[in-house]
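Residue-level listing of the chains:
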Amino acid sequence: MGRCLVSGAPGRTTRAQRMAAPLARNVVKDLAAEHGACLRPVQLRRTEIDTGHVEQVLIPCGHTLAAVCPPCAERARILRAAQCREGWHLDHEPIIDPDPATEEQRALITGRAEAQEDRDLLASAGLDVSELDERIGELDEEITEAGMRGSVLPARPRRHRSTRRRQDAAPLPRRPVSARTIGKIYTAPDGKTFRPSLFVTLTCPSYGRVGDDGTPLDPDGYDYQQAARDALHFAALFDRFIQNLRRYTGYDLQYFAAIEPQKRLAPHVHLAIRGTISRAELREVIAATYHQVWWPSTEAVRYDGDCLPVWDEYTGTYLDPGTGEVLPTWDQALDAIGDDGEPLHVARFGARFDAQGVLAGSRDASRCIGYLTKYLTKHLGDCHQASSDAQAAHAGRLADALRYEPCSPACANWLRYGIQPNQARPGLRPGACKGKAHRREYLGYAGRRVLVSRKWSGKTLADHRADRRTWLTSMLGLPATDPTRYSWEPVKPGDLDHMPNGQRLLHVVADRIQWQTALELARRRATGADPSATSSAT
Ligand SMILES: [Zn+2]
Ligand SMILES: [Zn+2]
């Protein structure tokens with residue numbers, strides 16, 4: 001059983017002949033991929049509430065990495081492209097009005113207001129407020145659970161740092177930011193109007209000259225530490241840039257941005273920006289943008305090799321292995337920086353950037369959307385596979401630089417520099433932090449790959465997905481399913497109706513082919529191959 005004989009060769013076959021026959025299981029997988037079906041479908045049990053009728057439903061895994069599920073990753077990429085396209089040249093303000101608060105929500109906020117007043121009264125009388133603080137904490141949780149966004153009070157005030165501008169960065173004119181999110185309209189001499197938008201690429205500064213293959217000409221002179229730190233803080237720098245850009249342009253500028261590695265393995269960002277800004281203005285904002293990282297110094301390595309701080313179960317802190325002294329906490333270490341201290345790192349963009357105006361629906365627009373979504377289905381570290389020893393060595397040196405660089409206040413690496421990581425817990429080992437930024441495939445950047453401003457298309461990714469589904473069901477003439485009609489539960493491996501992945505794949509291939517045929521038919525009908533049927537098409 002299971003032996004696959006090569007046809008036309010009766011009797012014995014050689015091993016090579018047998019190996020040349022395709023593996024049935026792989027053919028199923030290939031077929032699934034070819035038809036855009038998920039390779040790891042998830043099985044759900046769907047019960048019709050009224051009748052109790054049970055059906056097995058296979059839904060796509062929805063993974064965004066092609067290494068895991070190519071068809072799902074490709075679908076996710078196309079969805080991002082649709083989101084990008086829809087917001088880029090929007091000519092009307094997206095309406096994002098929050099729903100009015102319900103009675104329950106209003107009652108919760110009233111309760112919260114009273115608790116705050118009681119608490120502040122006690123506090124001003126110098127009495128114990130711990131009980132009320134606890135009540136306030138519970139109320140805040142209830143407020144979130146009741147479906148309200150944000151919190152009634154701003155987050156705890158951050159440690160005060162001098163907000164004086166750095167002397168080495170040019171000041172930036174500030175304008176009040178209006179609520180407008182759409183770009184300006186320009187009128188050509190012939191009376192035609194157009195609303196251009198912008199495609200911008202921002203890069204990190206130079207860490208040393210590199211060749212065409214992205215590797216440094218002088219590896220010893222290449223600043224891997226700065227490269228590592230810039231990658232770790234790239235997302236914060238990007239936030240700063242957007243903030244500055246909005247203040248500079250005076251409107252609530254919207255963007256769709258994708259973060260990708262360059263060949264030299266430094267992150268860069270492509271942005272589709274709604275509205276337009278001149279190159280000179282962009283240059284000014286880039287030059288004035290920086291992000292200061294106010295973290296303790298990592299200059300002195302205090303613990304290394306086998307001599308590492310030890311966890312003390314009793315106090316819940318790390319101690320010096322020799323003296324038993326408690327290491328300074330994260331907050332103490334921050335307080336020790338002092339007013340005339342220096343930030344651990346100042347992140348900036350490189351002076352080189354790229355900007356081009358793009359018109360709605362143009363071929364340029366499509367090309368740029370292609371750039372913006374090109375690498376989304378890959379890990380950062382997999383976008384440029386090392387194909388030479390020099391490239392592998394370069395990637396290795398960057399990974400080494402990232403190994404002991406703290407990735408966050410909670411990073412295990414702080415122990416190396418004699419500081420308790422924020423929210424320290426047992427089992428932390430410098431050089432073995434679990435933070436994603438240290439892993440090779442992330443190249444120091446563990447943030448989100450696509451950053452979309454809130455008023456880009458006025459829709460979430462789920463909304464865009466629903467759009468596609470609506471289009472599909474209307475195209476196929478299917479009735480919209482009522483979400484209250486069914487109950488759903490996942491099917492677990494031990495369950496009697498559980499299907500192994502191979503069986504699921506066979507189902508999705510069959511289903512996929514069936515509805516692709518139906519869709520093709522509907523399309524042909526809609527384009528007028530059969531005029532009698534076009535009336536129902538949109
Ligand atoms: Zn999948
Ligand atoms: Zn870390």
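The rules behind these values
- Residues numbered from 1 in each chain as written.
- Chains lettered and ligands numbered in written order.
- Predicted model: local features only at pLDDT ≥ 70, side-chain atom pairs only at ≥ 80, totals over all residues.
- Heavy atoms only, no water.
- Donors = N, O, S within 2.8 Å, 3.2 Å for Na, K, Ca; no water.
- Tetrahedral: all angles 85-135°; square planar, octahedral: opposite > 155°, others 65-115°.
- Buried < 20%, exposed > 50% of the residue type's maximum accessible area, 1.4 Å probe, protein only.
- Helix = DSSP H or I, 4+ residues; strand = E, 2+ residues; numbered from the N terminus.
- Pairing = 2+ DSSP bridges.
- pLDDT = per-residue confidence, 0-100.
- Contact = heavy atoms within 4.5 Å.
- Core = buried A, V, L, I, M, F, W, Y, C linked by side-chain atoms within 4.5 Å.
- Axes fitted to C-alpha atoms, helices over the stretch in contact; angles between N-to-C directions.

## Side note on the coordination of the zinc ion (ligand 2)
- At this site the zinc ion (ligand 2) is bound by Cys407 (SG), Cys411 (SG), Cys433 (SG) and His438 (NE2), with donor distances of 2.1 to 2.3 Å.
- Coordination at the zinc ion (ligand 2) is tetrahedral: its four donor atoms span angles of 103 to 116° at the metal.
- One chain supplies every donor for the zinc ion (ligand 2), spaced along it as C-x3-C-x21-C-x4-H. As far as the burial class goes, cysteine 433 and histidine 438 line up, both buried.

## A closer look at the pairing of strand E7 (residues 267–273)
- The buried fraction of E7 is high, at seven of seven residues.
- Here E7 shows two buried faces, one formed by Pro267, Val269, Leu271 and Ile273 and the other by His268, His270 and Ala272.
- Relative to E7, strand E5 (residues 197–202) runs antiparallel, the two being bridged by five bridges. Bridged to phenylalanine 199 within E7 is alanine 272.

## With respect to the confidence of the model for the chain
- Scored by pLDDT, the chain has a mean of 88; 93% of the residues are at 70 or more.
- Per-element mean pLDDT across the chain ranges from 79 in helix H12 (residues 461–476) up to 97 in helix H6 (residues 224–232).
- Here residues 1–9 scores under 50 on pLDDT; set against residues more than four positions off or in separate chains, the count is four contacts.
- Below pLDDT 50 for its whole length, residues 531–538 participates in five contacts with residues either more than four positions away or in separate chains.

## Side note on the nonpolar core
- Ranked by internal contacts, the top residues of the largest apolar core, which has 45 residues, are Leu202, Phe241 and Leu271.
- Contributions of two or more residues to this core are made by E5, H6, helix H7 (234–249), strand E6 (255–261), E7, helix H8 (279–288), strand E12 (353–358) and helix H11 (389–403).
- Here this core takes seven residues from H7, the largest share from any one element.
- Counting 19 residues, the second-largest nonpolar core is a separate cluster that includes Leu344, Cys411, Ala412 and Cys433.

## Some words on the sheet that holds strand E14 (residues 486–490)
- Taking strand neighbours across the sheet as the criterion, the three strands line up as E2-E1-E14 in an open arrangement whose pairing is antiparallel. With partners counted over all chains shown, the strands left at the sheet margins are strand E2 (54–59) and E14, one partner each. Across the sheet, the mean angle separating the axes of adjacent strands is 30° when strand polarity is ignored.
- Two elements, strand E1 (residues 42–48) and E2, share six bridges in a ladder whose sense is antiparallel. Bridging across to E2, threonine 47 finds its partner in valine 54.

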